Amino acid sequence: MPLPFHIYSDLPSCRLLELSDGRFQRIDRCPLSPFLAGYGYLIVEQPLADFLKSQDLHGVTFKDVVLFERSSGTEIFSHTRLQVSQFFSADQINDLQLDGPRLLRLSDEHYFVSPELKAALEGSPFKYLSFSAGLEGFAGSSI
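What counts as what
Residues numbered from 1 in each chain as written. Predicted model: local features only at pLDDT ≥ 70, side-chain atom pairs only at ≥ 80, totals over all residues. Heavy atoms only, no water. Helix = DSSP H or I, 4+ residues; strand = E, 2+ residues; numbered from the N terminus. Rg over C-alpha atoms; globule rule 2.2 N^0.38 Å. Contact = heavy atoms within 4.5 Å. Areas by Shrake-Rupley, 256 points an atom, 1.4 Å probe, with all protein chains shown as cover. Lys, Arg positive; Asp, Glu negative; His and termini not counted. Charge placed at Lys NZ, Arg CZ, Asp CG, Glu CD. Axes fitted to C-alpha atoms, helices over the stretch in contact; angles between N-to-C directions. Parallel < 35°, antiparallel > 145°, perpendicular 65-115°, else oblique. Left-handed = near helix turned anticlockwise from the far one by under 90°. Nonpolar A, V, L, I, M, F, W, Y, C, P; charged D, E, K, R; others polar. Core = buried A, V, L, I, M, F, W, Y, C linked by side-chain atoms within 4.5 Å. Buried < 20%, exposed > 50% of the residue type's maximum accessible area, 1.4 Å probe, protein only. Pairing = 2+ DSSP bridges.

Some words on the overall build of the protein chain
Inference 1: When helices and strands are counted, the protein chain shows two helices and 13 strands.
Inference 2: In terms of overall size, the protein chain behaves like a compact globule, its C-alpha atoms giving a radius of gyration of 15 Å where 143 residues would be expected to give roughly 15 Å.
Inference 3: Relative to all contacts within the protein chain whose residues are 6 or more apart in sequence, the contacts with residues 24 or more apart total 55%.
Inference 4: For the protein chain, the exposed surface amounts to about 7600 Å²; the carbon and sulfur share of it is 51%.
Inference 5: Taken together, the 12 basic and 18 acidic charged side chains of the protein chain have centroids lying 6 Å from each other.

Focus: the packing of helix H1 (residues 46-54) against helix H2 (residues 115-122)
Inference 1: Viewed as axis vectors pointing N to C, H1 and H2 meet at an angle of 135°, and their least axial separation amounts to 11 Å. Taken together, the axes of H1 and H2 are oblique relative to one another. The handedness of the crossing between H1 and H2 is right-handed. Along the contact surface, H1 presents Leu 48, Phe 51 and Leu 52, while H2 presents Leu 117, Ala 120 and Leu 121.
Inference 2: Taken together, the residues of the contact of H1 with H2 sort by class into six nonpolar, no polar and no charged.

Description of the environment of Phe 77
Inference 1: Inspection of the secondary structure puts Phe 77 in the loop between strand S8 (74-76) and strand S9 (79-84).
Inference 2: Considered as a pair, Phe 77 and Asp 64 are 13 residues apart in the sequence and their alpha carbons are 7.6 Å apart.
Inference 3: Sequence-distant contacts of Phe 77, that is, excluding residues within four places in its chain, are made with Val 65 and Val 66.

Some remarks on the nonpolar core
Inference 1: In terms of nonpolar packing, the biggest core is built from 22 residues, with Leu 48, Leu 103, Leu 121 and Leu 129 touching the most fellow members.
Inference 2: Those elements that provide at least two residues to this core are strand S1 (5-9), strand S5 (41-45), H1, S9, strand S12 (110-113), H2 and strand S13 (129-133).
Inference 3: Ranked by residue count, the leading element in this core is H1, at four residues.
Inference 4: Apart from the residues within four sequence positions on either side, Leu 129 is in contact with Ile 7, Tyr 8, Phe 35, Leu 48 and Leu 121.
Inference 5: Within the second largest apolar cluster, ten residues are counted, among which are Leu 16, Leu 36, Tyr 41 and Ile 43.

Some thoughts on the sheet that holds strand S3 (residues 24-26)
Inference 1: The strand order across the open sheet formed by four strands is S2-S3-S7-S8, and the pairing between neighbours is mixed. The open sheet has two edge strands with one neighbour each: strand S2 (16-18) and S8. With strand direction ignored, the average angle separating the axes of adjacent strands in the sheet is 35°.
Inference 2: Direction of pairing for S3 relative to strand S7 (residues 67-69): parallel, over a ladder of two bridges. Directly across from Gln 25, in S7, lies its bridge partner Phe 68.

See below:
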């Protein structure tokens, strides 16, 4: 049975805090990454969101997002929030339906792609994305 691939970026990334008005604010002083995955959110740059929309992903909705810079009062509109409805727990990783292009979430913080979506992304211009098979790379290979 094939395994899903953990998707992440090796670029420096900051953590975000969702504000009560739905905007997101950086917690850390760091560059704004094109791929921001954290507890309760997956936020990606608009070109990647457009690419993923073209893959016709079942159970994924795309929502405009505002990134707020509190220090300057600036609002940034360069990213999109992906809401991923297909979730799984670590003990289910060997039993997932992975046919077609799929995006899945684990523990509402880690995101995985099907082998087909991984292949499409590897052939895309988004070279900042990295992948690891199954739970490889997680402490003790379990969450």
